[in-house]
Amino acid sequence: MINHFLHNWHLPVGDPIEYEEIRRYDDGRRRYDKTLREKGGIEYYLVSKKFIKQWKYYVDYYEEMGDQQKEARKKPDKINSDLQCNEKIFKYIPEDHIYNSSIRYLENEWDYEYILKDVFDLFKEKYSSIEPQKRIGFYYENEKKKIVYPNLARFTLIYQSLRDNKIYSVKAQVDYHSEIKSWLDLLKATFQDEYKQYPINNIRIWLPRHQNFKVDVITTQLQQTMLIDGDILQENIMIFQLESKRDNCLILDFESNKWQFNKMNQQQQIQFDTELLFNRALNGCGKYVCDFPQCKLNNGFLEQDFSQDDIKGICQQLVENEEVNWNQICYQIKNINDKMVPLQMSDFQQDLQEATIKISNQLEIFGASFVENFYNKSGVYIIDQQNVDVDSNLIIDIQKKFINYKKGLSLIINNLFSEKEKNLEPLSNLYQLRALYLLLQFRQYLEYIVDEKSQIILKIIRRLDINQKLQLSKWFTNLSKAEFEDITKKIKKLINSEILRQQHTPLMPFLEIEDTQKMVGLFELFQILQKSNKMNTRLQSSEFIIDLITKLYKQDADKEEFSQFRYYAAKQWRNYSFTFCLYAWSIPIEFKSKLLSLDCKVKQHDSMSHSVKYHFTGQAPYLSLQIERNNIIESAIKQLQITHIPLKNPLKVQFIGEQGVDEGGPKREFFRLMMEKLISPDYGMFIPKNNGTIYWFNPKSFEMPIYYSLIGKLLGLALYNQVLLDVRFPTVLFKKLQNEKITEEDLKELDMEIYTGFQYLREQTDSNLIQNLALNFNASYVVWGEAYFDDLKPNGFQINVTKDNREEYIELYTDWYLNKLVKNQFDLLYSGFKSVVDGDGIKLFSGEELQALIIGLPHFDLKDLELVTKYDGYDDKSDYIRYFWNCIHSLNIEMQKRFLFFCTGTDRIPVGGLKSIKFVIQKHGEDTEQLPSAHTCFNVLLLPLYKKKEILRDKLMISLDNAEGFGLM
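Every value quoted in this text rests on a predicted model; they were computed, and no experiment measured them. (Residues numbered from 1 in each chain as written. Predicted model: local features only at pLDDT ≥ 70, side-chain atom pairs only at ≥ 80, totals over all residues. Heavy atoms only, no water.)

S.K.: Help me understand the UniProt feature "active site" (unreviewed entry) in the protein, please; the structure alone is not making it clear to me.
M.R.: Feature annotation in UniProt assigns "active site" (unreviewed entry) to the following positions: C937. Take C937: it is sitting in the loop between β20 (933-935) and β21 (940-945). By relative accessible area, which is 18% here, C937 ends up buried. (UniProt positions renumbered as here; feature names shortened; annotations may be inferred. Helix = DSSP H or I, 4+ residues; strand = E, 2+ residues; numbered from the N terminus. Buried < 20%, exposed > 50% of the residue type's maximum accessible area, 1.4 Å probe, protein only.)

S.K.: Sorry, what's going on with the pattern of salt bridges here?
M.R.: Note on pairing: side chains with opposite charge can pair once their charged atoms come close. The full count for this structure, using the stated rule, is 58 salt bridges. We note a salt bridge from K181 to D185, for which the minimum N-O separation is 3.4 Å. Taken together, the residues K181 and D185, both in helix α5 (residues 180-194) and four residues apart, mark about one turn of the helix. For K181, a relative accessible area of 39% translates into the label partly exposed. Across the pair E524 and K469 runs a salt bridge whose closest N-O atoms are separated by 2.6 Å. Separated by 55 residues along the polypeptide, E524 in helix α19 (residues 513-535) and K469 in helix α17 (residues 466-476) bring together distant segments of the chain. (Salt bridge = Lys/Arg side-chain N within 4 Å of Asp/Glu carboxyl O.)

S.K.: Which parts of the structure should I look at to understand the nonpolar core?
M.R.: Within soluble globular proteins, side chains that are nonpolar tend to cluster in buried spots. In terms of nonpolar packing, the biggest core is built from 168 residues, with F370, F417, L436, I491, F670 and F686 touching the most fellow members. Among the nonpolar cores identified, the runner-up in size contains 34 residues, and I251, A281, I329 and C330 belong to it. (Core = buried A, V, L, I, M, F, W, Y, C linked by side-chain atoms within 4.5 Å.)

S.K.: Hey, could you run me through the sheet that holds strand β19 (residues 920-926) in this one?
M.R.: Strands pair in a sheet through their backbones, by hydrogen bonds, and they do so in one of two ways: parallel or antiparallel. Pairing is mixed in the open sheet, where four strands are placed in the order β18-β19-β21-β20. The open sheet is flanked by β18 (870-872) and β20, the only strands paired with a single partner. Neighbour-to-neighbour, the strand axes of this sheet turn through a mean angle of 30 degrees, independent of strand direction. As judged from the three bridges shared by β18 and β19, these two strands associate in the parallel manner. Paired with D872 across the bridge in β19 is Q922. (Pairing = 2+ DSSP bridges. Axes fitted to C-alpha atoms, helices over the stretch in contact; angles between N-to-C directions.)

S.K.: Please clarify how the environment of Y405 should be interpreted in this entry.
M.R.: Relative to the helices and strands, Y405 resides in the loop between α12 (392-401) and α13 (406-422). Sequence separation between Y405 and Q353 is 52 residues, and the spatial gap between their C-alpha atoms is 9.3 Å. Sequence-distant contacts of Y405, that is, excluding residues within four places in its chain, are made with Q353, I357 and L411. (Contact = heavy atoms within 4.5 Å.)

S.K.: Would you mind showing me how to read helix α6 (residues 215-225) here?
M.R.: Residues lying three or four places apart along an α-helix face the same way, a consequence of the helix completing one turn every 3.6 residues. Residues of α6 that are buried include every one of V217, I218, T219, Q221 and L222, and no others. Residues of α6 that are buried in the fold lie against β5 (153-160), β6 (167-174), β7 (202-208), β8 (227-228), β10 (248-255) and α7 (266-283).

S.K.: What should I look at first to understand the packing of helix α14 (residues 430-439) against α17 in this one?
M.R.: Angle between the axes and distance between the axes: these two values describe a pair of packed helices. Where α14 contacts α17, the axes come no closer than 11 Å and their chain directions differ by 55 degrees. When the interaxial angle is binned, α14 and α17 end up oblique. Judged by the twist between their axes, the crossing of α14 over α17 is right-handed. On α17, the residues that touch L430, L433, R434, L436 and Y437 of α14 are Q468, Q471, L472, W475 and F476. Considered class by class, the residues forming the contact of α14 with α17 number seven nonpolar, two polar and one charged. (Parallel < 35°, antiparallel > 145°, perpendicular 65-115°, else oblique. Left-handed = near helix turned anticlockwise from the far one by under 90°. Nonpolar A, V, L, I, M, F, W, Y, C, P; charged D, E, K, R; others polar.)

Put into structure tokens, the structure is as follows:
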């Protein structure tokens, strides 16, 4: 697919029939976008993304096909054939009414596309439709646009049959933008057709007061009283105004001679609620875990010897005072053995397999099973959010029982989660979440469990909220290195297998909704593990890198991934399928740097498009700096502070009075000289730390604020123009630029003395020894020999550090040292950096990765450079070239850096290492006294062919000893 952002789309010139389809589709798309801004209601047609993708491929929408491909192409599947669902839904009259639709629940906006009727008619005529999906768009004044709901609102309708007077219930659907009156008319016609011999004069809908009550409770209420605890819905309100959850109950009321139901009065409401509450308080729900405070399991009434009359009186008082949270009401379990208990409490020794399958019938009981040292906990298990208490040996024993019965694992998965998955219900407590965690501990079958055909586990993981994912990450910290590595490798293997499968799909990756959902589920699980590893490091971060990401697309992988990232960021769901950038930590940094480069080009192109010069001449504008070498700082500030200067344009540097066109060399020299001066002690903006290995902000700098902003701009310009800087800033500075959380560990690189002092303080167990340290909540620092003091909290100098508050002291001190103390200086640098670097591309990088992009990698091997070197005039296997490289490899590290600087203008190592550099050794004369020289702009070494190898070495060393400003072109 040609990249939407990097290429201009042009009109197809192929088959005129296909061209007409494309023209009408694009015209319809423009009109659709326009209608979203217009008031009033309008009908739209929902079409699955799979059909749209197939159609675009079939008509060669992006003009990528060769003649052979065109001959082999197939027509798209029927419209919406991939959305079909076999769920039983109440059928309306007429049969083809849109509310009879039975398509799957659409979770994501990128799973479908809306089109106008004429476009749908065009598609339907040529490609046929399985089931048209019509939706109403309604204008929202607050949003200033139309809202279209992809899914129909779904309710459980409860009604009394006119034939046998029994209470029934059905699942029914209606558009969110339908009026109650319109729906009532349709329902009346449908039920009248059902009960032909019983005239229905009118129909109305009741909304129960307790909207979350399930069918059984409401049905019981109706059967007992024929009264409704609720209100009649006004006919002029819209369905979306009900704000009901999926499958909430509504009650239909038919009028023949009279209405079937009447409204409860307040006393009757109190009486029914009291009876319901009393039943739960006395009998419970039969679950092992319940969230309803008044349930028998939680209320403690019987333990306090309350009589039934006492309990009923308490229940009535709670109801009358409106102190009951009915949203938490529990429901009694049906057809489940009352004696079912967690595995460790049952007599399971004879058949572990059968016992495990049995307890899977109750999610909470499974979640309360496999507890280590259960009887040391007095036979009561309360989940610990830090320590998950898993009996690993028991799980190992159980796994052995399923060696020849993997279907049993599928049965367990279905028993545990199928209802949750089917009803789109989230996991609602820690026992349910622990059940999921336990299933993931069956590591011998992990790949089968996660990749099981129904994909239930991945669906449940996709629907976890942020806190639940975080809790799983915490529990995974309990695993040993070997256990954690095992599960990580298996999930990584599944991801790689899925990428390979997508890579070899006949049409394109992520054509099916299930493909995208599976990949999201796998990465969400992988991310849970990755975050767990950050909490408790057991693996190198590189273990979470997925190298195959770079090979998903058969060509232009970086452009395709960048497009998907941009579509997602811009919420252009029409073109979006999936982006790995949501899990940026998994993408190889070299590939991410390509994405950032594309982001830079797009921003530079956007900047150019606003340039008058570009419009009239077609020449790309640059950020051109005219620099006075003897006044480099001031001349740079003067130009970079001009507000209308496009900082995102490619940079060109010209030193005034010097000849030459900037092909890279002057630009690199400009950055080197600027950073040397600004960070030097003469300016006093930064001070050396950790024995001069690192520079950090001077909290008492007297330099003008504009200088810190200038450094931020230089960091941004260097990043956008791919120039590596020789600047010794600590990793924590780059973490702050990326808004990452700063921790105590970040002190290690910056101030080892304070860091080790904190470790010593934390290790002390003797309170007297801590007291003898005479520490208080006050911090001091020294700048140029003068001491300064700050309180870490109000009146901190009067608060002593003790064993109880030492963690607070360490936390406050770290925040003060790395954030508050240098806030003014850092904020200025940050604003300068953000004035150049913004957008989504930079968000892909961690602070550590940003550091590598700006100042390069810390280690290198010149053998990597030798492997990629090209030769002009030399044979790479000649004795002369071999001797040359032997000389280079024999140099010490410092001289090897000089060699890099001599040849390329920098000794910094780019992301991707020296293998990523294009380096050429060019023959430059024979039998000459000329020294080796270099075109640093192009990474070309001009190497004469000397008579003797010894001369080569001597001449080379002279050049390297005088590398700065000598022999460079």
